[in-house]
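As a plain string of letters, each chain reads:
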Amino acid sequence: MCGIIGVVGGDRALATILEGLARLEYRGYDSAGVALQSGNELWSARAADGTRSVEALVERCTNAPANMTVGIGHTRWATHGNPTEVNAHPHLDCGNRIGLIHNGIIENHSELREHLQSLGHGFRSATDTEVMVHLMEEELKIDGDLVQATRRMLPQLRGAFAVAIISADHPNQVVAARRVSPLIVGSRDDVSFLGSDIPALMGHVDEVYAIEEDHVVDLRPGTISVTDLEGNTVHVEPVTITWDIEVAEKGGFKDFMTKEIHEQPEAIAATLADRTRDGFVALDELDLDEEDLRTIDKVVIIGCGSSYHAGLVGKFAIEAWGKLPTEVDIASEFRYRDAIFDASTLVVGVSQSGETIDTLEAIKKAKKSGSKVIAVSNIVGASMTREADGTIYTRAGLEVSVASTKTVLAQVVALELLALRLAELRGTRSAEEIAEAMADLQALPAALTQLVDASEGPEAIADAVGDAQDFFFLGRHLGFPVALEGALKLKEISYLRAEGYPAGELKHGPIALIEPGVVVVAIVLSGPMAEKMYSNIAEVKARGATVICVAEDSDHIVDSLADYVLRIPDVAELVAPVLAMVPLQQLAYAIAQAKGFDVDRPRNLAKTVTVE
Ligand code: AGP
């Protein structure tokens, strides 16, 4: 999820772009860049300086030629290729005549790159994006028309994109298009603008036009024309901007946590994008020797907090699909015990930030012992990814809220992809079974869309139970990690006592605490454990607890057992935890809201824990 902006006309193109990029940093900030055009010249600058990237870019732009009237700018959140200057946008064609910025993921970039290389194009970056600028270079050879060339390029692309293109040979013009990723445009007087979202255009226009998929926009000073792939003119209705900048940065949501909950379908779709090639599971960044993966005899997953919970779900998938003994450990415990692992152990460090000190030190320890190490991280180039032998990136986009939401779901998906790759290499699952499991994962974004839009259920339940002080989250099997995650969310943002327990342990102690006033949240996933969960629910009900169930749509038994039911769509057993975590995020959020707490910045917590 990157930020893009473009300007055509006027005499403030560079200033407008740099101001816009500063406002788009919430979409990502690991590098930034700008390309400007005037006459027959193209000038570009890029910077990669972590959270200071836009500032560093501003410094570089002090050398920009004056009076450039056309420009495009980009702030990046890396998905393909490290956050380095060479991978920063804009990308240029072989002759440095075309500049291109992109938000999204090009799924077929590997095959396009191979094809373009065979035509003699030289690539400078490791990004998926760069294929587009070379495709444009090819297409422009046909008739030199920027709009036509864009129209011919789009059908060659698979994936998600909002793309903007300028060319030294096309003065006073920016061409843009989109599929999946958002793109808005607007104009005032003799200037036209484009952006990934409203903050890019705020203060410049009062109305914006949202571009539809596979439409091409031709921006000229003060005029905008939109056409479809056949060249037919398309009419777009304007939308008036009523948001202030703070609301706009949160995409119109009240806070980042709500925004990030709503981004979950997109985060999972991005994490799954481009993960099969020629019928095989493709984990490009993993970069580990296939023989090493084939010969491992044990997996150890390490993480903290929510990342540890994602690891617990991953264990089920690796055991079920890859048939490998799998341990999951809390990083701060693993670091200091005499864990048994060697060169035939695969150690997987799971961390949204890729910087958590305990997980980082744990994987260093594993590496020293000769184990193969994989990092699962949301931040390209983070310390853990540099330390590990290979990485699987969750492509959830920047997560601002301290309580993890979209990144945890994406971690589960990444670990399940790893499980499928191991199953494939070790021959523990047939190609058909792997394809079926892949299809189960691919069903998640649509199911998540259904869920994230339905927050009324959790809100009503929050009103009813918000005054309770004690919450138990119970689950079995795949429901247990979900219970732990639900309890953690509630603790973090609502400051309530919430314990996650394997429901089978109830009788071994915790049931002594069950009495009227206690709330039990029971995770009932379909499968062999559902009946056992029904019994556990009956036991706590009999002792006066208020029971909230998370259950699949087809489970009608819970209706007669629980006081409240939070529904999730029916999906395959191993992917169900991804969905079941969502109503628990919404419940924790609704309770915190009702208590008036700041959900994005809960007390005593930091987003990244780099000290022990
Ligand atoms: C999750 O809501 C928490 N903020 C926290 O438990 C987090 O998952 C943990 O600190 C691990 O962080 P990491 O994924 O960046 O390593």
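Higher on the page you've got the structure.
These numbers were taken from a predicted model, which means no experiment stands behind them.

Asks: I'd love a proper account of helix H16 (residues 444-452), names of residues and values included.
Replies: Those residues of H16 not exposed but buried are Leu 444, Pro 445, Ala 447, Leu 448, Leu 451 and Val 452. Looking straight down H16, one finds that the buried residues subtend no more than 160° of arc, so they occupy a single side. Facing away from the buried side of H16 by over 90 degrees, the exposed positions are Ala 446 and Gln 450.

Asks: Can you explain the sheet that holds strand S7 (residues 159-167)? Please cite residues and give values.
Replies: By way of backbone hydrogen bonds, the strands of a sheet pair with one another, either parallel or antiparallel. Taken together, the six strands give an open sheet; going across it, the order is S5-S6-S7-S8-S12-S13, and neighbouring strands pair in antiparallel fashion. Two strands lie at the open edges of the sheet, namely strand S5 (91-92) and strand S13 (223-227), each paired on one side alone. Of the strand pairs in this sheet, S5 and strand S6 (residues 98-106) are connected by two bridges, and their pairing is antiparallel. Bridge assignment links Leu 92 to a residue of S6, and that residue is Gly 99.

Asks: An account of the nonpolar core is requested, with residue identities and associated values reported.
Replies: Ranked by size, the top nonpolar core spans 93 residues in total, and within it Val 348 and Phe 471 carry the most contacts. At 14 residues, helix H14 (residues 406-426) tops the list of elements feeding residues into this core. Both domains that furnish three or more residues to this core are identified here as domain 2 (258-449) and domain 3 (454-595). For Phe 471, the contacting residues outside a window of four places in its chain are Val 465, Leu 490, Leu 496, Arg 497, Ala 498, Glu 499, Val 519, Val 521 and Ile 591. Within the second largest apolar cluster, 33 residues are counted, among which are Val 7, Ala 45, Ala 47 and Ile 184.

Asks: I'd like a rundown of the sheet that holds strand S19 (residues 345-351), residues and numbers included.
Replies: The five strands are arranged S18-S17-S19-S20-S21 in an open sheet whose pairing can be described as parallel. At either margin of the open sheet sits one strand with a lone partner, and together these are strand S18 (326-330) and strand S21 (390-393). Along the sheet, successive strands turn relative to each other by an average axial angle of 20°, direction set aside. Bridging between strand S20 (residues 372-377) and S21 involves four bridges; their strand directions are parallel. Residue pairing in the sheet places Ile 374 in a bridge with Gly 390 of S21. Strand contacts of helix H12 (residues 357-368): strand S17 (298-303), S19 and S20, with the helix running at about 165° to S19, the strand carrying the most contacts.

Asks: For helix H19 (residues 530-542), give the residues involved together with the corresponding values.
Replies: With 13 residues, H19 extends 18 Å from end C-alpha to end C-alpha; this agrees with the ideal 18 Å at 1.5 Å per step. Among all positions of H19, only Ala 530, Met 533, Tyr 534, Asn 536, Ile 537, Glu 539 and Val 540 are buried. Elements in contact with the buried residues of H19: strand S22 (470-475), strand S24 (519-524), strand S25 (546-552) and helix H20 (557-561). Looking one or two residues beyond H19, the residue adopting positive phi is Gly 544, at roughly 95°.

Asks: Hey, could you go over the site of the ligand for me, with residue numbers and the actual values?
Replies: In the vicinity of the ligand there are 14 residues, among which Ser 307, Ser 351, Gln 352, Ser 353 and Thr 356 approach most closely. Within the backbone of Gln 352, a nitrogen or oxygen atom sits 2.7 Å from an oxygen atom of the ligand. In the model, an oxygen atom of the ligand is placed 2.7 Å from a nitrogen or oxygen of the Glu 492 side chain. In isolation the ligand has 410 Å² of accessible area, and contact with the protein removes 92% of it. Mapping the ligand onto the cavity grids shows that it belongs to the largest pocket. Secondary structure elements with two or more residues in the shell around the ligand: helix H10 (305-322) and helix H18 (479-494). When grouped by side-chain class, the residues that make up the shell around the ligand number four nonpolar, eight polar and two charged. When residues of the shell around the ligand are assigned to domains, at least three map to each of domain 2 (258-449) and domain 3 (454-595).

Calculation criteria
Residues numbered from 1 in each chain as written. Predicted model: local features only at pLDDT ≥ 70, side-chain atom pairs only at ≥ 80, totals over all residues. Heavy atoms only, no water. Buried < 20%, exposed > 50% of the residue type's maximum accessible area, 1.4 Å probe, protein only. Helix = DSSP H or I, 4+ residues; strand = E, 2+ residues; numbered from the N terminus. Arc of directions from axis to C-beta. Pairing = 2+ DSSP bridges. Core = buried A, V, L, I, M, F, W, Y, C linked by side-chain atoms within 4.5 Å. Domains from an automatic or database assignment. Contact = heavy atoms within 4.5 Å. Axes fitted to C-alpha atoms, helices over the stretch in contact; angles between N-to-C directions. Expected span 1.5 Å × (residues − 1). Near = heavy atom within 4 Å. Polar contact = N/O pair within 3.5 Å; in protein donor to acceptor, adjacent residues only side chain to side chain. Areas by Shrake-Rupley, 256 points an atom, 1.4 Å probe, with all protein chains shown as cover. 1 Å grid on protein atoms, 1.4 Å probe; cavity = no way out; pocket = protein on both sides within 12 Å on 5 of 7 lines; lining within 4 Å. Sits in = over half its atoms within 2 Å of the grid points. Nonpolar A, V, L, I, M, F, W, Y, C, P; charged D, E, K, R; others polar.

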